[in-house]
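This is what each chain is made of:
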Amino acid sequence: MSTVIETKITCPNCGNIEQVEMPDYVCIRIYKCPSCEKVFHPKEGDCCVFCSYAEDDCPSKQVGEDSDNQLKI
Ligand SMILES: [Zn+2]
């Protein structure tokens, strides 16, 4: 099952806001602004550009706060 969540991402360079779809299991690490065509990467500590620049955290973060990358026994 895959869900797509829409959010708005704001370009930190020119302030352009774009409605984008977030795939639920892929971290998007590169975002190209359609307005100024500048390419962005996530801020340090963020897993993807949505966490850095969008209104919402990415779906993988929303699913569970304790589902970080560490395996828990
Ligand atoms: Zn821009």
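Coordinates for the structure precede this section.
Everything numeric in this text was worked out from a predicted model, so none of it was measured. (Residues numbered from 1 in each chain as written. Predicted model: local features only at pLDDT ≥ 70, side-chain atom pairs only at ≥ 80, totals over all residues.)

Things to note about the overall build of the protein chain
Move 1: Looking only at helices and strands, one finds two helices and four strands in the protein chain.
Move 2: When its helices and strands are written in sequence order, the protein chain yields β-β-β-β-α-α.
Move 3: Counting only residues that meet the buried cut, the protein chain has 16% of its 73 residues in that class.
Move 4: Intrachain contacts of the protein chain at a sequence separation of at least 6 include 28% that bridge at least 24 residues. (Helix = DSSP H or I, 4+ residues; strand = E, 2+ residues; numbered from the N terminus. Buried ≥ 20, exposed ≤ 12 C-beta atoms within 10 Å, placed from the backbone. Contact = placed C-beta atoms within 7 Å.)

Things to note about the nonpolar core
Move 1: Counting nine residues, the largest nonpolar core is built from Ile9, Met22, Tyr31, Cys48, Val49, Phe50, Tyr53, Ala54 and Cys58.
Move 2: Among the elements that line this core, the one with the most residues is helix H1 (residues 49–53), at three residues. (Core = buried A, V, L, I, M, F, W, Y, C linked by C-beta atoms within 7 Å.)

Some thoughts on unusual backbone geometry
As a rule of thumb, non-glycine residues mostly have phi less than zero, and peptide bonds are mostly trans rather than cis.
Move 1: Even without being a glycine, glutamate 37 presents a positive backbone phi close to 60°.
Move 2: Mapped onto the fold, glutamate 37 is located in the loop between strand S3 (31–32) and strand S4 (39–40).
Move 3: Glutamate 37 sits in the exposed class, given 10 other C-beta atoms within 10 Å.

Side note on the environment of proline 12
Move 1: Topologically, proline 12 is positioned in the loop between strand S1 (4–10) and strand S2 (17–23).
Move 2: C-alpha separation for the pair proline 12 and cysteine 33, spaced 21 residues apart in sequence, amounts to 9.2 Å.
Move 3: Here proline 12 is in contact with Phe40 and Tyr53, once residues within four sequence places are set aside.

Brief notes about the environment of histidine 41
Move 1: As for its placement among the helices and strands, histidine 41 is situated in the loop between S4 and H1.
Move 2: Owing to 12 C-beta atoms within 10 Å, histidine 41 belongs among the exposed residues under this scheme.
Move 3: Beyond its immediate chain neighbours, meaning those up to four positions away, histidine 41 contacts Arg29 and Ile30.

Side note on the environment of glutamate 18
Move 1: Considering the arrangement of structural elements, one finds glutamate 18 in strand S2.
Move 2: Considered as a pair, glutamate 18 and serine 35 are 17 residues apart in the sequence and their alpha carbons are 9.2 Å apart.
Move 3: Sequence-distant contacts of glutamate 18, that is, excluding residues within four places in its chain, are made with Lys8, Ile9 and Pro34.

Any functional reading would require information beyond the geometric quantities listed.
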